[in-house]
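Below are the chains, spelled out letter by letter.
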Amino acid sequence: LCFAQAEPFRALASLAGAPRQGEKVSGDTGLWFRREDGQLFLLLCDGMGTGRPAAVDGNLAAELTARLLKAGFTAELAARLVNVALALKSEDESGATLDLISVDLYTGTARLFKAGAAPGFLVHGGRVRAVGDTSLPVGILGGVNGQSRVVHLTVGDYAVLVSDGLLVDGPGWVAKQLELSAAAGDAPEKVAKTLVETARVRAQKTGRPDDITAAVLRLEKCV
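Bear in mind the structure is a predicted one, so any value in this text is a computation, not a measurement.

Draft legend 1. Summary view of helix H3 (residues 172-184). The end-to-end C-alpha separation of H3 is 19 Å, in line with the 18 Å expected for 13 residues at 1.5 Å each. By the burial criterion, the buried members of H3 are Trp173, Val174, Leu178, Ser181 and Ala182. Buried residues in H3, looked at end-on, bunch into an arc of 165 degrees, giving them a common side. Of the exposed residues in H3, the ones pointing more than 90 degrees away from its buried face are Lys176, Leu180, Ala183 and Ala184. Tucked inside the fold, the buried residues of H3 contact strand S6 (120-124), strand S7 (127-131), strand S9 (158-162) and helix H4 (188-206). Count one or two residues on from H3 and you reach glycine 185, which has phi positive near 70 degrees.

This is the structure in structure tokens:
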């Protein structure tokens with residue numbers, strides 16, 4: 001017999017996105033998966049530019065990062081290897097943001113790693129705060145200027161990753177929308193869809209459309 005500790009938490013995650021108006025594909029790629037050690041990962045990569053070239057870079061960065069994380073690599077080391085892969089991909093400049101959150105389903109401890117990514121959002125106790133500062137994407141320089149942060153989540157908390165196209169006119173409206181969604185207890189699928197649909201309308205009004213993606217995770221008690 002093999003005995004194992006039951007995970008006290010479970011996480012629900014969902015992705016929603018839309019390509020830039022006039023484009024058939026998005027340069028954003030989002031993934032989420034669970035590792036056998038009880039770590040759940042939510043990942044979002046935004047390829048530089050728009051259209052098919054950006055989609056190639058975004059997908060390469062996301063898929064390679066996911067494979068490395070599944071194999072047990074840390075976020076920092078995975079980012080360095082992805083940086084090398086993008087730099088060697090072609091003679092043309094290639095780059096992608098790397099936005100990652102991992103959650104320990106035994107403790108609720110969450111680790112965030114950002115390289116060139118747009119600010120994300122955490123909803124704890126119904127209150128929203130933005131996380132992340134400006135940095136360069138991977139694939140641009142010889143090294144990676146990533147940012148790491150550790151936070152603690154509990155039942156009912158949300159973690160939200162977004163591409164910069166969703167923040168075309170600032171993060172203020174996103175925080176307000178997340179407060180409303182958290183108060184209503186909306187599922188991650190509904191939250192992500194609402195953010196993307198609202199961002200598309202706002203981008204059309206400002207005349208600055210871009211690829212738009214939202215990745216939403218909510219921590220729940222395991223029953």
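Draft legend 2. Geometry of the pattern of salt bridges. Overall, the coordinates contain seven salt bridges when judged by the stated rule. Ionic pairing is found between lysine 190 and aspartate 186, a salt bridge with its closest N-O pair at 3.7 Å. With relative accessibility at 49%, the residue lysine 190 sits in the partly exposed group. According to the relative accessible area criterion, aspartate 186 is buried, its value standing at 14%. Salt-bridge contacts for arginine 218 lead to glutamate 220; the nearest nitrogen and oxygen are separated by 2.4 Å. Across the pair, glutamate 220 and arginine 218 agree in class, each one buried.

Draft legend 3. Seen up close, the sheet that holds strand S4 (residues 98-104). Spatial strand order, S2-S3-S4-S5-S8: five strands in an open sheet with antiparallel pairing. Edge positions in the sheet fall to strand S2 (28-34) and strand S8 (147-152), since each of these pairs with one other strand and no more. When the angles between neighbouring strand axes are averaged without regard to direction, this sheet yields 10 degrees. Judged from the six bridges that link them, S4 and strand S5 (residues 109-115) form a sheet pairing that is antiparallel. Looking at S5, one finds that aspartate 99 is bridged to lysine 114. In this fold helix H1 (residues 51-70) packs onto S2, strand S3 (39-46) and S4, with an angle of close to 15 degrees to the strand it touches most, S2. Helix H2 (residues 75-89) rests against S4, S5 and S8 of the sheet, and its axis sits at about 25 degrees to S5.

Draft legend 4. Region of the structure containing the packing of aromatic side chains. The tally for this structure, following the rule as stated, stands at one aromatic pair. With centroids separated by 5.2 Å and ring planes inclined at 20 degrees, the aromatic side chains of phenylalanine 33 and phenylalanine 41 adopt a geometry described as stacked. You'll find phenylalanine 33 and phenylalanine 41 in the same group, each marked buried. Note that lysine 70 overlies the ring of phenylalanine 33, its terminal NZ or CZ placed 5.0 Å from the centroid.

Rules used throughout
Residues take numbers from 1 onward in each chain, read along the sequence in its written order. Local features in this predicted model are restricted to residues of pLDDT 70 or higher, and side-chain atom pairs are both shown and tallied only at a pLDDT of 80 or more, whereas totals for entire chains, interfaces and linings draw on every residue. To get the side-chain values, take all heavy atoms of the structure and skip hydrogens and water. Strands here are runs of E lasting at least two residues and helices are runs of H or I lasting at least four, both read from the DSSP assignment and numbered beginning at the N terminus. Here, expected helix span is obtained from the residue count minus one, scaled by 1.5 Å. Each residue is placed in one exposure class: buried if its accessible area under a 1.4 Å probe, protein chains only, is under 20% of its type's maximum, exposed if it is over 50%, and partly exposed if it falls in between. This arc describes the spread of directions from the helix axis toward the C-beta atoms. Here, residues are in contact when the closest pair of their heavy atoms is within 4.5 Å. Put simply, a salt bridge is a Lys or Arg side-chain nitrogen that is within 4 Å of an Asp or Glu carboxyl oxygen. A strand pair is defined by DSSP finding two or more bridges across the two strands. In this analysis an axis means a line fitted to C-alpha atoms, helices contributing only their contacting stretch, and an angle means the value between N-to-C directions, from 0 to 180 degrees. Note on aromatic pairs: the rings of Phe, Tyr and Trp (six-membered ring only in Trp) are paired at centre separations within 6.5 Å, and the planes decide the class, stacked below 30 degrees, edge-to-face beyond 60, tilted for the rest. Consider the ring centre and the ring normal. A charge sits over the ring if Lys NZ or Arg CZ is within 6 Å of that centre and within 35 degrees of that normal.

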